[in-house]
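Residues per chain are reported as follows:
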Amino acid sequence: MAKTSISVDLGGTHVRVARISNGIIEKCIKEKCNSNGDENDVLQQICKLIDEVINDNVERIGIGVPSVVDHEKGIVYDVQNIPSWKEVHLKSFLENIYHLPVVVDNDVNCFALGEIVYGVGKNYKNVVGVTLGTGVGAGIICNGKIYRGTNTGAGEIGCLPYLDSDYEHYCSAQWMKKQGVEAENLSLRASQGDEKAIALWQEFGKHLGKLMQAILFTYDPDAIIIGGGIAAGFIYFMESMKKSMHEGFPYQHEADNVQIFISELPNCNLLGASEI
């Protein structure tokens, strides 16, 4: 019998909900998140979307959220870009409505799990999945399993100190904003040969290379998988990132052997949420 679940990918911008059976997305809907609503407004929006995709075959619900999570109790704390979600007992709320098992996890953990089950991380046991977007997040896979830490806070590499701030300020859209550009526009300009755009991507790659060093020092993975909106510019920052990663790093064998991939898996977070 097929294993069928509902997956929810909650973000401050959009909510996506899918019905997934054995890794195949049968139905998926996306809606702009009511992020400025109160706690119940967002909960009711999630339920409305679940109601549109659920059927009698569904056995469980998996949810990825951009926040710190009590994985065992399914309590969500301080969701990024949803101000009203300070402490939401999401697991118990949904289980009382749908009478199905509900599992809640950090969204980047879902990303990393999706990659090792369905994506480029299939052949690796120790993987760090990194998402580059509004911020920087990481999901840690150790011996094929998610490592969450005590508070599902493992992988908050964007908060590590770097230069005059932290990595998030130099390796995400926050850095792009300081340069007065957006990643999508910067990629377009670079594809047209704009020298300033190419130089900005190279500078971004230098900062990202130092983040790669931090990952090697702390986790020593087989593979690093990069996703998120900024990953689309990989061809423009790849060389400077790899050069920066090697410069000053004391363990060159480690730097030479780690595999670095760009995620090519559509709906990776949703697929990962079906496996948590």
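What you see as residue numbers is a count from 1 along each chain, following the sequence as written. Where totals are concerned, whole chains, interfaces and linings use all residues; where local detail is concerned, this predicted model gives features only for residues with pLDDT of at least 70, and gives and counts side-chain atom pairs only at 80 or more. By convention in this description, side-chain values take in all heavy atoms of the structure and omit both hydrogens and water.

A. Molecular detail of the overall build of the protein. Per the convention used, a helix needs a DSSP run of H or I reaching at least four residues, while a strand needs a run of E reaching at least two, with both numbered from the N terminus. Across its full length, the protein carries ten helices and 15 strands. Taken over C-alpha atoms, the radius of gyration comes to 19 Å for the protein, in line with the 19 Å a tight globule of 276 residues would show. Overall, the protein is about 55 × 40 × 35 Å in size when its C-alpha atoms are taken along their principal axes. The buried label applies to any residue whose accessible area, calculated with a 1.4 Å probe on protein chains only, is under 20% of its type's maximum; exposed applies above 50%, and partly exposed to all values in between. Evaluated residue by residue, the protein yields a buried proportion of 52% over its 276 residues. With the model as given, the accessible surface of the protein reaches about 13000 Å², and the carbon-plus-sulfur share is 48%. A residue counts as positive if it is Lys or Arg and as negative if it is Asp or Glu; His and the chain ends are not included. Every charge is mapped to an atom, namely NZ of Lys, CZ of Arg, CG of Asp or CD of Glu. Side chains of the protein carry 23 positive and 35 negative charges; the gap between the two charge centres is 2 Å. Note on method: radius of gyration uses C-alpha positions; expected globular size equals 2.2 Å times residues raised to 0.38. Only the protein chains shown count as covering a residue, and every accessible area follows the Shrake-Rupley method with a 1.4 Å probe.

B. Geometry of helix 6 (residues 183-191). Turning to helix 6, its buried residues number three or more, namely Ala183, Leu186, Ser187, Arg189 and Ala190. One side of helix 6 carries all its buried residues, which in axial view fall inside an arc of 165 degrees. Those residues of helix 6 that are buried are in contact with helix 5 (173-178), helix 7 (195-219) and helix 8 (234-246). After helix 6 finishes, the residue Gly193 shows a positive phi value of roughly 85 degrees. By definition, the arc is the one covered by directions from the helix axis to the C-beta atoms. Two residues qualify as a contact provided that any one of their heavy atoms is within 4.5 Å of a heavy atom in the partner residue.

C. Looking closely at the nonpolar core. Counting 39 residues, the largest nonpolar core has Met176, Trp201, Phe204, Leu208, Met212 and Ile226 as the members making the most contacts within it. Here this core takes ten residues from helix 7, the largest share from any one element. Residue contacts for Trp201: discarding those within four places in its chain leaves Met176, Ala183, Leu186, Ser187, Ala190, Ile230, Gly233, Tyr236, Phe237 and Ser240. Definition of nonpolar core: a set of buried residues of the types Ala, Val, Leu, Ile, Met, Phe, Trp, Tyr and Cys, connected through side-chain atoms within 4.5 Å. Core analysis: the second largest hydrophobic core is formed by 30 residues, Cys47, Leu49, Val53 and Val79 among them.

D. How the structure looks around the side chain of Asn109. Among the structural elements, Asn109 can be located in helix 3 (residues 107-118). Given a relative accessible area of 2%, Asn109 falls into the buried group. Apart from the residues lying within four places of it in its own chain, the contact partners of Asn109 are Ala138, Gly139, Ile140, Ile146, Arg148 and Thr152.

E. Region of interest: the packing of helix 6 against helix 7. Interhelical geometry of helix 6 versus helix 7 gives an angle of 125 degrees and a closest axis separation of 8 Å. Considering the angle they form, helix 6 stands oblique to helix 7. Two packed elements cross with a definite hand, and for helix 6 against helix 7 that hand is left-handed. Mapping the contact onto sequence places Ala183, Leu186, Ser187, Arg189 and Ala190 in helix 6 and Lys196, Ala197, Ile198, Leu200 and Trp201 in helix 7. In this count, Pro and Cys sit with the nonpolar residues alongside Ala, Val, Leu, Ile, Met, Phe, Trp and Tyr, while Asp, Glu, Lys and Arg are called charged and the others, Gly among them, polar. Taken together, the residues that form the contact of helix 6 with helix 7 break down as seven nonpolar, one polar and two charged. Here an angle of 0 to 180 degrees is reported between the N-to-C directions of two axes, which are lines fitted to C-alpha atoms, with helices fitted over the stretch in contact. Here the angle decides the label: under 35 degrees means roughly parallel, over 145 means roughly antiparallel, 65 to 115 means roughly perpendicular, and every other value means oblique. We call a crossing left-handed when the near helix sits turned anticlockwise from the far one by less than a right angle, and right-handed when that turn is clockwise.

F. Structural context of the pairing of strand 4 (residues 60-65). Counting buried positions along strand 4 gives six out of six residues, so the element sits mostly inside the fold. Residues Arg60, Gly62 and Gly64 point to one face of strand 4 and Ile61, Ile63 and Val65 to the other, with burial holding for every one of them. Strand direction decides the pairing type here: strand 1 (residues 4-10) and strand 4, joined by five bridges, are parallel. Bridged to Val8 within strand 4 is Ile63. One bridge is not enough; two strands pair if DSSP finds at least two bridges between them. As paired elements, strand 4 and strand 8 (residues 102-106) share five bridges and run parallel to each other. What sits directly across from Ile63, in strand 8, is Val104.

G. Spatial organisation of the state of the cysteines. Two cysteine sulfur atoms make up a disulfide if the distance between them is within 2.5 Å. Here the structure, examined in full by the defined rule, presents zero disulfides. With no disulfide of its own, Cys28 has Cys268 as its nearest cysteine by sulfur position, at a separation of 13 Å. Of the cysteine sulfurs around Cys159, a residue in no disulfide, the closest is that of Cys171, at 12 Å.

H. Structural detail: the confidence of the model for the protein. Across the chain, each position has a pLDDT score giving the predictor's confidence in that residue, from 0 to 100. Taken as a whole, the protein shows an average pLDDT of 95; of its residues, 99% reach a score of 70 or greater. Averaged pLDDT values for the elements of the protein fall to 90 in strand 5 (residues 68-70) and rise to 98 in strand 14 (residues 223-227).

I. Local environment of the sheet that holds strand 14. Taken together, the five strands give an open sheet; going across it, the order is 11-10-9-14-15, and neighbouring strands pair in mixed fashion. Lying at the two open borders of the sheet, with one neighbouring strand each, are strand 11 (145-147) and strand 15 (259-262). Across the sheet, the mean angle separating the axes of adjacent strands is 25 degrees when strand polarity is ignored. Of the strand pairs in this sheet, strand 9 (residues 127-132) and strand 14 are connected by five bridges, and their pairing is parallel. Its bridge partner lying in strand 14, Val127 is registered against Ala223. The strands touched by helix 7 within the sheet are strand 9, strand 10 (136-142), strand 14 and strand 15, with strand 9 carrying the most contacts at an inclination of about 150 degrees.

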